[in-house]
Amino acid sequence: MLDKLRAIDIDLFVFLNGLGSESFDPFWLLVTKQINWIPLFLLLLYLIYSKIGVKQTIYLLVFVALLVTFTDQVTNLFKNGFQRLRPCNNTDINSFIRVVQQRGSYSFFSGHASNSMAVATFIFCVFRSQFKYFGFIFLWPLVFAYSRIYLGLHYPLDILTGYLFGVLSGYLVFKTYSHFQKKYFPLGQ
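Residues numbered from 1 in each chain as written. Predicted model: local features only at pLDDT ≥ 70, side-chain atom pairs only at ≥ 80, totals over all residues. Heavy atoms only, no water.

A.B. asks: So what's going on with the packing of aromatic side chains? Residues and values would help.
C.D. replies: Applying the stated rule across the entire model yields 28 aromatic pairs. Ring geometry for Phe41 against Trp140: centres 5.4 Å apart, planes inclined by 80°, an arrangement best described as edge-to-face. With Phe41 in helix H3 (residues 38-82) and Trp140 in helix H5 (residues 139-150), this residue pair connects regions lying 99 residues apart in the sequence. Summarising the aromatic geometry, the rings of Phe122 and Tyr177 are spaced 5.4 Å apart at their centres and angled 80° between planes, so their arrangement reads as edge-to-face. Here Phe122 is found in helix H4 (residues 111-127), whereas its partner Tyr177 is found in helix H6 (residues 156-184), with 55 residues between them in sequence. (Phe/Tyr/Trp six-rings, centres within 6.5 Å; stacked < 30°, edge-to-face > 60°. Helix = DSSP H or I, 4+ residues; strand = E, 2+ residues; numbered from the N terminus.)

A.B. asks: An account of the UniProt feature "domain: Phosphatidic acid phosphatase type 2/haloperoxidase" (unreviewed entry) in the protein chain is needed here, citing residue identities and associated values.
C.D. replies: With numbering matched to this structure, UniProt assigns "domain: Phosphatidic acid phosphatase type 2/haloperoxidase" (unreviewed entry) to residues 60-174. Secondary structure within residues 60-174 divides into 62% helix and 0% strand; the distance between the first and last C-alpha atoms comes to 10 Å. (UniProt positions renumbered as here; feature names shortened; annotations may be inferred.)

A.B. asks: Would you mind going over the environment of Leu30 in detail, with residue names and values included?
C.D. replies: Looking at the element boundaries, Leu30 is found in helix H2 (residues 25-32). Separated by 117 residues in the primary sequence, Leu30 and Ser147 have C-alpha atoms spaced 9.2 Å apart.

A.B. asks: Tell me about the side chain of His112, and please be specific about residues and values.
C.D. replies: On the secondary structure map, His112 appears in helix H4. A relative accessible area of 13% places His112 in the buried class. Looking at His112, its side chain comes within polar contact range of the side chain of Arg148, at 3.4 Å. Contact partners of His112, with chain neighbours within four places excluded, come to Thr32, Gln34, Phe144 and Arg148. (Buried < 20%, exposed > 50% of the residue type's maximum accessible area, 1.4 Å probe, protein only. Polar contact = N/O pair within 3.5 Å; in protein donor to acceptor, adjacent residues only side chain to side chain. Contact = heavy atoms within 4.5 Å.)

A.B. asks: How would you sum up the UniProt feature "transmembrane region" (unreviewed entry) in the protein chain? Please name residues and give values.
C.D. replies: Within this structure's numbering, the places UniProt gives as "transmembrane region" (unreviewed entry) are residues 27-49, 58-78, 106-126, 133-151 and 157-174. Taken as a whole, residues 106-126 contains 76% helix and 0% strand, while its terminal C-alpha atoms sit 33 Å from one another. Its end C-alpha atoms 30 Å apart, residues 133-151 is made of 63% helix and 0% strand.

A.B. asks: Just give me the short version of unusual backbone geometry, but keep the residues and values in it.
C.D. replies: For the bond from Phe108 to Phe109, the omega torsion is 0°, close enough to zero to count as cis. Among the secondary structure elements, Phe109 is positioned in the loop between H3 and H4. You will see that Gln83, though not glycine, has its phi angle at about 50°, which is positive. Tracing the backbone through its elements, the reader meets Gln83 in the loop between H3 and H4. For Tyr133, which is not glycine, the phi dihedral falls at a positive 65°. Note on placement: Tyr133 falls in the loop between H4 and H5. The class of Tyr133 is exposed, set by a relative accessible area of 59%.

Take a look at the structure:
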């Protein structure tokens, strides 16, 4: 069963990765770098600040920092525990896939997917009732994580597992944040 799942994962990766072309490589290299998302982060920061003010924004950012630290560290534990080779380093397929970027670390599961989905879930849970169409925030982790398949760095199962872990982490941190907010730093104070 596990071998069949792994074979499907590799076949799906080969298909999705094969959709790329050299003319789009610069775009996906731009998408995959966290620093290039700063305009989105600044826009979110401005929207958050405009809704809850400086003090509450600082509290929220502390929880975001804790969330990213948590998801990043757990992701690294899984990567080092499973030691699944990235597609770009898998000698069974790297001769016929598109390898746009190389990494020496392991593949399972994607830190880009888990971190971005965790933050998107957390922010969405906090502000879903305050912004119309705020669900569009989930486009960020979808595009961000797909870049990892395009570049030859992650399999689809790495991405999906990262998404699942990110949603769970983001929601749990949201529940913790909500508890602490009501108890220690309620809105309006």
